[in-house]
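Here are the chains, one letter per residue:
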Number of protein chains: 2
Amino acid sequence: MDGPYLAAVDIGGTKITVSIANISGILVKVYRPVQLEGDNLAVTTQVDSMVGYACEQTGIGKDEISAIGVSTCGPFGIRDGELVLVAPNLCGGLAKEREIIPNDWTEIPLQSELSRIYNKIHIENDGISAVTAERMFGAGKGEDNVVYITWSTGIGSGAYVDGRPIKGKNGNAPHIGHVYLVDDGPRCGCGNFGDMEALASGVAIARDYGSKVTAGGTTSEDMTAEGVTAEGVTAVDVTTEGATTECVTAEDVFNLLRKGDPKAESVIANAARYFARGLVSINAILDTRVFIIGGSVFMNNRHILLPMVKEEFCKSFPALSKDVEFRPCALDSHLGDLAALCLVMPDDWVRQWQEKRPWEFAPEPIVLGTNSKLK
Amino acid sequence: MDGPYLAAVDIGGTKITVSIANISGILVKVYRPVQLEGDNLAVTTQVDSMVGYACEQTGIGKDEISAIGVSTCGPFGIRDGELVLVAPNLCGGLAKEREIIPNDWTEIPLQSELSRIYNKIHIENDGISAVTAERMFGAGKGEDNVVYITWSTGIGSGAYVDGRPIKGKNGNAPHIGHVYLVDDGPRCGCGNFGDMEALASGVAIARDYGSKVTAGGTTSEDMTAEGVTAEGVTAVDVTTEGATTECVTAEDVFNLLRKGDPKAESVIANAARYFARGLVSINAILDTRVFIIGGSVFMNNRHILLPMVKEEFCKSFPALSKDVEFRPCALDSHLGDLAALCLVMPDDWVRQWQEKRPWEFAPEPIVLGTNSKLK
């Protein structure tokens, strides 16, 4: 397999994915839960050892990697001119609920550490890199004004305005999840009350549904929100006269809606309404033409959600809301790899990949456990 | 007075201002209420005749104008590739309260009409042109990430991100006044319920205060919101046992606050809180460094408003809200002229104007009544 080779690193709140590619396609893909213990170099050390492991699998040396694209959850800060991660879902010292993150980091020195090891590195927040990939290979081709939104556990976004990606002073534009939509609403992981992520994310849908009652191993159609934990993240079982009360996931709520559960309908309609109102706000600010929506909450349920979102969006100021298009994310499960790769991809690769779409033939990922020994 | 000459046209919701300048400074300035009767060419005809009048006053011919900068209220639409105004405060056919706008226009063909008459014309929304002027001559010098916000009868804005103005598909970015902040809030002129303009603008402050009771020609300290008109725009007198109930303006409410009126304090604190929450939203999306705030509501009361706005803003997600600066608009009453002029100003003028600040010595404006005869 001929070089040059590129590495793609996708850092999320729960796992890190590393891929190696040459012009013909993706050669290997590895993922592993993100390492949140130890000092605040743990994440960069993990990235480096995963790149090393992926290189070994490809049969090349790390020194044969000509550039690394890093797509990562944010937000970012700048420390001594270099980008640091100040992400509350990775840094225990920033999180509002410290017990779930086993460290006290206040920042992760991503750029300074990785650029000590690698010559050519390009880091962007996962919103910007996703919209860049969709614009290069997916649903945003040829669009000068386009916003990508991921509707998943959380809500994130990236935008091109007037043909250019917008970044802002620390590379955090646009963090759409943190626009306010109501007074005194539920609390977001970021500490805001009543922002879009707190009202419409997958976590919010699970929280708002509460729990379902399971009796004798089969799910009952009777649902109750009483005696429920807040986040829908940890399952808590409460046995009362043989029945089990169990926290649901967002996907459970959609399945309940498909079975005609009225509470699920109401919770999802509410989330879709707030999601749409968040889009009204970002459209008022960016005057966009196309919204590309991705993320597991949306992609798994788009036939339910898209009509709801469009209906609410179109109720807003027509001079701004008309002529806006909504498209599902086209790259879907390939988005993470392509988002990181496109940050460093040479033009001749881009042309070849647009034509041949080699990501569709990528090998199955190698899944590493938390305790895998890496050099 | 030597040429070349530039014309600056500032189209607002209530008046049009035209100035003529050469490299030494502003030579003449004329303003007149905006003509809202007749067909939808009335506004462009008025602009043309005002430019003609201003040229006469300067002793030059219209053909000596080398370029015209037009700064105008929006929003914009595109019709046959050319910019049209679709502004509900000018076009009766778009307004939700038609009785106050004496026409049924749905758009004003600004670009096609003006470019038939003038060779070189540059039209921008007043937010973009204002932030461009503040960045060139005022409080935004050297800033790559800066947002200008006008807090006045309405709320408007313009933004530079990564050193470039953002425009969007129709040139409407960023229309910050129309971001949603609450569910089911008061109605904005644009038709939205619960957006920033409906909650924090001068009109909102007057509406929320309601009316004051005047007895025997002196203003009583007793205030009441009962029996009040909605908008605070038209004064309605209701005489009950010798007392007069009168709608207030936003400025009245600030004066009442200065006298210790608790209701005025509460209304203004509320408006400032929503204004700040709107800034949180635009900052989440643009990751800006500097907010420049102008407009009559803010500039006349900034010592009251700025601490309130900062306090609420700083309650939001610290990773995004810290390191954001707030500055008052530096160009103030000169902003309209400079905003329109800077759109077409050659580089050598810019350097000379930055050094000599000739706008500070501009002549007093000539005020024309609605019925003034212009060619």
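Since we're looking at a predicted model, the values are computed, not measured.

S.K.: Looking at this structure, how should I read the overall build of chain A?
M.R.: Secondary structure assignment for chain A yields 12 helices and 17 strands. Counting across all 375 residues of chain A, residues that qualify as buried make up 57%. Summarising the internal contacts of chain A: among those between residues at least 6 apart in sequence, 63% fall at separations of at least 24. For chain A, the accessible surface area stands at approximately 15,100 Å², while carbon and sulfur atoms represent 48% of it.

S.K.: Hey, could you run me through unusual backbone geometry in this one?
M.R.: Leaving glycine aside, a negative phi is the common case for residues, and trans is the common case for peptide bonds. For the bond running from A:Gly74 to A:Pro75, omega is 0°, close enough to zero to count as cis. Within the fold, A:Pro75 resides in the loop between strand S4 (65-72) and strand S5 (76-79). Going from B:Ala173 to B:Pro174, the amide bond is cis rather than trans, its omega being -20°. Structurally, the position occupied by B:Pro174 is in the loop between strand S10 (164-165) and helix H4 (196-200). Phi at A:Asp184 is positive, roughly 50°, even though this residue is not glycine. Its place among the elements puts A:Asp184 in the loop between strand S10 (164-165) and helix H4 (196-200). Relative accessible area serves as the criterion here: at 67%, A:Asp184 is assigned to the exposed category.

S.K.: Would you take a moment to explain the packing of helix H5 (residues 202-209) of chain A against helix H6 (residues 250-258) of chain A for this structure?
M.R.: What describes two packed helices is the angle between their axes and the distance between those same axes. Residues and elements named next belong to chain A. Packing of H5 against H6 leaves a shortest axis separation of 8 Å and a crossing angle of 60°. Classified by the angle between their axes, H5 and H6 sit oblique to one another. Crossing of H5 against H6: the hand is left-handed. Residues Gly202, Ile205, Ala206 and Tyr209 of H5 form the contact with H6, whose participating residues are Ala250, Val253, Phe254 and Leu256. A class-by-class count of the residues in the contact of H5 with H6 yields 7 nonpolar, 1 polar and no charged.

S.K.: Would you mind showing me how to read the environment of B:Val51 here?
M.R.: Residues and elements named next belong to chain B. Note that Val51 resides in helix H1 (residues 42-58). Considering only alpha carbons, one finds Val51 and Gly74, 23 residues apart in sequence, at a separation of 21 Å. Those residues in contact with Val51 that lie beyond four places of it in its chain are Val9, Val18, Lys62 and Tyr118.

S.K.: In this structure, what is going on with the packing of aromatic side chains? I would like to understand it.
M.R.: The way to describe two aromatic rings as a pair is by their centre distance and the angle between their planes. Residues and elements named next belong to chain A. The full count for this structure, using the stated rule, is 17 aromatic pairs over all chains. With 3.7 Å between their ring centres and 5° between their planes, Trp151 and Phe275 make a pair best called stacked. Taken as a pair, Trp151 in strand S8 (residues 146-151) and Phe275 in helix H7 (residues 262-286) lie far apart in primary sequence, 124 residues in all. The pair Trp151 / Phe275 is uniform in exposure class, with both members buried.

S.K.: Help me out: how do you make sense of the nonpolar core in this one?
M.R.: In a soluble, globular protein the nonpolar side chains are often hidden away together inside. In this structure, A:Leu286 and B:Leu286 are the most contacted members of the largest nonpolar core, which totals 176 residues. Filtering out sequence-adjacent residues up to four positions away, B:Leu286 remains in contact with A:Ile166, A:Gly168, A:Ala173, A:Ile285, A:Leu286, B:Val147, B:Ala159, B:Val161 and B:Ile166. Core analysis: the second largest hydrophobic core is formed by 37 residues, A:Ile16, A:Val28, A:Trp105 and A:Leu110 among them.

S.K.: In this structure, what is going on with the pattern of salt bridges? I would like to understand it.
M.R.: Think of it this way: side chains of opposite charge can pair up when their charged atoms draw near. Summed over all chains, the structure comprises 36 salt bridges over all chains. For the salt bridge of A:Glu143 with A:Arg289, the shortest nitrogen-to-oxygen distance reads 3.1 Å. Of this pair, A:Glu143 sits in the loop between helix H3 (126-137) and S8 while A:Arg289 sits in the loop between H7 and strand S15 (290-294), and the two are 146 residues apart along the sequence. The partly exposed category is assigned to A:Arg289, whose relative accessible area is 27%. Between A:Arg327 and A:Glu143 there is a salt bridge, and its shortest N-O distance comes to 3.2 Å. In this pair, A:Arg327 is assigned in strand S16 (residues 325-328) and A:Glu143 in the loop between H3 and S8, connecting sequence segments 184 residues apart. Salt bridges sharing common partners tie together A:Asp183, B:Arg273, B:Arg277, B:Glu312 and B:Lys315.

S.K.: Can you walk me through the relation of the copies chain A and chain B in this structure?
M.R.: What relates the pair of chain copies is a rotation about an axis plus a shift along that axis. Superposing chain A onto chain B requires a rotation of 180° together with a translation of 0.0 Å along the rotation axis, leaving an RMSD of 0.0 Å. Such a combination of turn and shift is consistent with a two-fold rotation axis.

S.K.: Sorry if this is basic, but what is going on with the side chain of B:Asn170 here?
M.R.: Counting through the fold element by element, B:Asn170 comes out in the loop between S10 and H4. Exposure remark for B:Asn170: the relative accessible area of 13% places this residue in the buried category. Discounting residues that sit within four places of it in the chain, B:Asn170 has contacts with A:Asp287, B:Phe76, B:Gly77 and B:Ile78.

S.K.: How should the pairing of strand S9 (residues 155-161) of chain B be read in this particular structure?
M.R.: The side chains of a regular strand alternate, first on one face of the sheet and then on the other. All names here are of chain B. For S9, the tally of buried residues reaches 6 of 7 residues, placing the bulk of the element in the interior. Connecting strand S8 (residues 146-151) to the antiparallel partner S9 that follows it, the hairpin turn spans 3 residues. Two elements, S9 and S10, share 2 bridges in a ladder whose sense is antiparallel. Among the inter-strand pairings, Val161 is bridged to a residue of S10, identified as Arg164.

S.K.: What's the story with the environment of A:Gly3 in this structure? I'm lost.
M.R.: Note on placement: A:Gly3 falls in the segment before strand S1 (5-11). The exposure class of A:Gly3 is partly exposed, given its relative accessible area of 44%.

S.K.: Explain the interface of chain A and chain B here, please?
M.R.: The extent of an interface is frequently quoted as the accessible surface area lost upon association of the parts. Contacts between the two partners involve 49 residues from chain A, matched on the other side by 49 residues from chain B. Roughly 4,000 Å² is buried in total at the junction of chain A and chain B, and carbon and sulfur atoms are behind 55% of that figure. Interface area lost by chain A to chain B is led by A:Lys169, A:Tyr180 and A:Ile285, which between them contribute 21%. Linking chain A with chain B are 6 salt bridges, by the criterion used here. We note a salt bridge from B:Arg277 to A:Asp183, for which the minimum N-O separation is 3.9 Å. Counting across the interface, chain A meets chain B through 26 residue pairs in polar contact (both at pLDDT 80 or more).

S.K.: Looking at this structure, how should I read the sheet that holds S1(A)?
M.R.: The strands that make up a sheet are held in pairs by hydrogen bonds between backbone atoms, and each pair lies either parallel or antiparallel. Residues and elements named next belong to chain A. Reading across from one edge, S7-S4-S1-S2-S3-S17 is the order of the 6 strands in this open sheet, with mixed pairing throughout. Edge strands, defined here as strands with exactly one partner in the open sheet, are strand S7 (121-125) and strand S17 (366-367). Across the face of the sheet, helix H1 (residues 42-58) comes into contact with S1, strand S2 (15-22), strand S3 (25-33), S4 and S17 while running at roughly 140° to S3. Helix H12 (residues 347-356) contacts S1, S2 and S3 of the sheet and is inclined by roughly 95° relative to S2.

S.K.: Looking at this model, I keep getting lost on the side chain of A:Asp261. Mind explaining?
M.R.: One can find A:Asp261 in the loop between H6 and H7. Within the structure, the side chain of A:Asp261 is placed 2.9 Å from the backbone nitrogen of A:Ala264, a separation counted as a polar contact.

S.K.: Looking at this structure, I do not really get the packing of H1(B) against helix H2 (residues 110-117) of chain B. What am I missing?
M.R.: Residue and element names in this part refer to chain B. H2 packs onto H1 with a crossing angle of 35° between their chain directions and a minimal axis gap of 9 Å. For the element pair H1 and H2, the recorded crossing hand is right-handed. Counted together, Thr44, Val47 and Asp48 of H1 and Leu110, Glu113, Leu114 and Ile117 of H2 form the full contact between these two elements. Residue classes in the contact of H1 with H2 are distributed as 4 nonpolar, 1 polar and 2 charged.

S.K.: Help me understand helix H12 (residues 347-356) of chain B in this model?
M.R.: Helical geometry: 3.6 residues make up each α-helical turn, so side chains three or four residues apart lie on a common side. Residues and elements named next belong to chain B. Three or more residues of H12 are buried, namely Trp349, Val350 and Trp353. Axial view of H12: buried residues confined to an arc of 100°, hence all on one face. Turned more than 90 degrees off the buried face of H12, the exposed positions are Asp347, Arg351, Glu355 and Lys356. In this structure, the buried side of H12 is in contact with strand S1 (5-11), strand S2 (15-22), strand S3 (25-33), helix H3 (126-137) and helix H11 (335-341). Immediately beyond the C-terminal end of H12, within one or two residues, lies Arg357, with a positive phi of roughly 50°.

Rules used throughout
Residues numbered from 1 in each chain as written. Chains lettered and ligands numbered in written order. Predicted model: local features only at pLDDT ≥ 70, side-chain atom pairs only at ≥ 80, totals over all residues. Heavy atoms only, no water. Helix = DSSP H or I, 4+ residues; strand = E, 2+ residues; numbered from the N terminus. Buried < 20%, exposed > 50% of the residue type's maximum accessible area, 1.4 Å probe, protein only. Contact = heavy atoms within 4.5 Å. Areas by Shrake-Rupley, 256 points an atom, 1.4 Å probe, with all protein chains shown as cover. Axes fitted to C-alpha atoms, helices over the stretch in contact; angles between N-to-C directions. Parallel < 35°, antiparallel > 145°, perpendicular 65-115°, else oblique. Left-handed = near helix turned anticlockwise from the far one by under 90°. Nonpolar A, V, L, I, M, F, W, Y, C, P; charged D, E, K, R; others polar. Phe/Tyr/Trp six-rings, centres within 6.5 Å; stacked < 30°, edge-to-face > 60°. Core = buried A, V, L, I, M, F, W, Y, C linked by side-chain atoms within 4.5 Å. Salt bridge = Lys/Arg side-chain N within 4 Å of Asp/Glu carboxyl O. Least-squares fit on C-alpha atoms with pLDDT ≥ 70 in both. Pairing = 2+ DSSP bridges. Buried area = accessible area lost by both parts, 1.4 Å probe. Polar contact = N/O pair within 3.5 Å; in protein donor to acceptor, adjacent residues only side chain to side chain. Arc of directions from axis to C-beta.

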